[in-house]
Amino acid sequence: MRCFKAQFILCLLCLTSFFSGCHNFYPAECARWEMLGPFYIAGEDACFVTEDHYINSLMSDNSTSLICNSNSCMHNREDCSAYFEGSNIFPFVYSDRLMIITDYLANSNGELYLYSANPDGTGRKKEALINDNVQVIRNIIVDDGKIFIAYYNGNTKDMMPMEMPHAGVLCYDIATQKTEMLWEADGYNLIIATMNYQNGLLAFNELSYDCDDYAERIDDSEYLKEHRSYNMHIYSCYDGTFEMVDTVNDIEDIGYIPLYEECAFYNKDGSLYALNTGTGDSFIISTAMKSFQSFDSGFVYLYDYDSRSGEHTVYTYDGELHETDVTYGNKAIISAHGGRFLLWDFDTVDGSGELRYVEKEDL
């Protein structure tokens, strides 16, 4: 598992060789966009990848390019419309415009803005300040005209280490240009690990430690494991009103959270549970399983892993659990839409992997 994670991180850092060429790029507007890795944000049939401050596109037919469509451009930093100077650069398409969540041209540490631009990055306009103290972005979901951001701050505004780090989840409304803080807390190594939003229901998983001597015991993995907790928080988000629905403490892992109708899924004590947020009741679906993001409605994807064969088996749940004929080995599925999967395929010559779209029958 450690080797797999190392390979995954290596892949994310090797995008320069993956994105070659430059041609006209006309992105499709998707109803939903989601940050699915530290350098990329995906819609239903397209993905933006930002590498070395350049915004690249990956379309569902696996064509790739810089978003810059100028034939005379040398793509040398500030001269290229695909280049944005900033540590946070997360593009998506909204109302036929390229929108960028970024700290580009920020006045001080932690300022996060929403920019708009033409699809090729020209005609940039600063739309609004989202928040003035967001340092590390853990997750982004754009849906229903709202931008949900999970973040982590380990330093003060003047970049001094904080004695107690801070984490939070906020919502920015694109139409009203208003930001609302949904949840925030201070804690040792407190982070929002995963987040999901579907049809007015927001769920996110929190990792925290309950020991005051965390800093002194940072190298004692067994001690920290005893004091570690995973918790899932659920909010309803309707008509601009946000209310906490429920919290499930001491869940088993902090993987991607499937949401189906009124239900939020989580693993605990070796079983996969569904919490009905309307009634507050939880019920067992199966043995523990994990999930990946899906742009399809009407069901959620689940999968389990057989350590003997090294194979993952994919299931769907639509009120009942169904085993599919989809299995895969040395790959990491990121998202799915209409029988197409966005994944990291590690079956490459050098083993470093490749980000690409794959049809279900080609897995």
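Reading the values: rules and limits
Residues numbered from 1 in each chain as written. Predicted model: local features only at pLDDT ≥ 70, side-chain atom pairs only at ≥ 80, totals over all residues. Heavy atoms only, no water. Pairing = 2+ DSSP bridges. Helix = DSSP H or I, 4+ residues; strand = E, 2+ residues; numbered from the N terminus. Phe/Tyr/Trp six-rings, centres within 6.5 Å; stacked < 30°, edge-to-face > 60°. Buried < 20%, exposed > 50% of the residue type's maximum accessible area, 1.4 Å probe, protein only. Lys NZ or Arg CZ within 6 Å of the ring centre and 35° of its normal. Salt bridge = Lys/Arg side-chain N within 4 Å of Asp/Glu carboxyl O. Core = buried A, V, L, I, M, F, W, Y, C linked by side-chain atoms within 4.5 Å. Contact = heavy atoms within 4.5 Å. pLDDT = per-residue confidence, 0-100.

(A) The sheet that holds strand E19 (residues 263-268), seen in detail. Spatial strand order, E18-E19-E20-E21: four strands in an open sheet with antiparallel pairing. Single-partner strands in this sheet number two, and they are strand E18 (259-260) and strand E21 (282-287). In terms of strand pairing, E18 meets E19 through two bridges, oriented antiparallel. Bridging from a neighbouring strand, Leu 259 pairs with Ala 264 of E19.

(B) Quick look at the packing of aromatic side chains. Overall, the coordinates contain 19 aromatic pairs when judged by the stated rule. With centroids separated by 5.4 Å and ring planes inclined at 5°, the aromatic side chains of Tyr 266 and Tyr 273 adopt a geometry described as stacked. Comparing Tyr 266 with Tyr 273, the two get one shared label, buried. Taken together, the ring pairs connect Phe 292, Phe 299, Tyr 301, Tyr 303, Tyr 328 and Phe 341 into an aromatic cluster. Positioned above the aromatic ring of Tyr 223 is the side chain of Arg 217, whose terminal nitrogen or guanidinium carbon lies 3.6 Å from the ring centre.

(C) Region of interest: the pattern of salt bridges. Applying the stated criterion to the full structure yields twelve salt bridges. A single network of salt bridges, built from pairs that share partners, joins Lys 331, Asp 345, Asp 347, Glu 354 and Arg 356.

(D) Summary view of the nonpolar core. Within the largest apolar cluster, 42 residues are counted, with the highest numbers of intra-cluster contacts made by Phe 92, Ile 101, Ile 140, Ile 147 and Ile 149. Looking at this core, the element that brings in the most residues is strand E8 (residues 112-117), giving five residues. If sequence neighbours within four positions are ignored, Ile 149 has contacts with Ile 101, Leu 112, Ile 130, Ile 137, Asn 139, Ile 140, Gly 168, Val 169, Leu 170 and Met 195. One finds Tyr 188, Leu 224, Ile 254 and Ala 264 within the second-largest nonpolar core, a separate group that totals 24 residues.

(E) Representation of unusual backbone geometry within the structure. Non-glycine residue Asn 62 carries a positive phi angle of around 70°. Assignment of secondary structure puts Asn 62 in the loop between strand E4 (54-59) and strand E5 (64-66). Accessibility expressed as a relative area gives 31% for Asn 62, which makes it partly exposed. Even without glycine at this site, Asp 96 takes up a positive phi of about 65°. Position of Asp 96 among the secondary structure elements: in the loop between strand E6 (89-94) and strand E7 (97-102). Using a relative accessible area of 62% as the deciding quantity, one classes Asp 96 as exposed.

(F) The arrangement of the confidence of the model for the protein in detail. Averaged over every residue, the pLDDT of the protein is 89; the share at 70 or more is 92%. Taken together, the stretch residues 1-25 has pLDDT below 50 and engages in 54 contacts with residues farther than four places along the chain or on a different chain.

(G) Spotlight on the pairing of strand E24 (residues 311-317). Judged by how many residues are buried, E24 sits mostly within the fold: six of seven residues are covered. The antiparallel pairing of strand E23 (residues 300-306) with E24 creates a hairpin that spans four residues between the two strands, and Gly 310 there sits at a positive phi of about 75°. Relative to strand E25 (residues 321-328), E24 runs antiparallel, the two being bridged by five bridges. Each residue of the ladder has a partner; that of His 312, found in E25, is Tyr 328. What sits between the antiparallel neighbours E24 and E25 is a turn of three residues, in which Gly 319 has the positive phi angle 110°.

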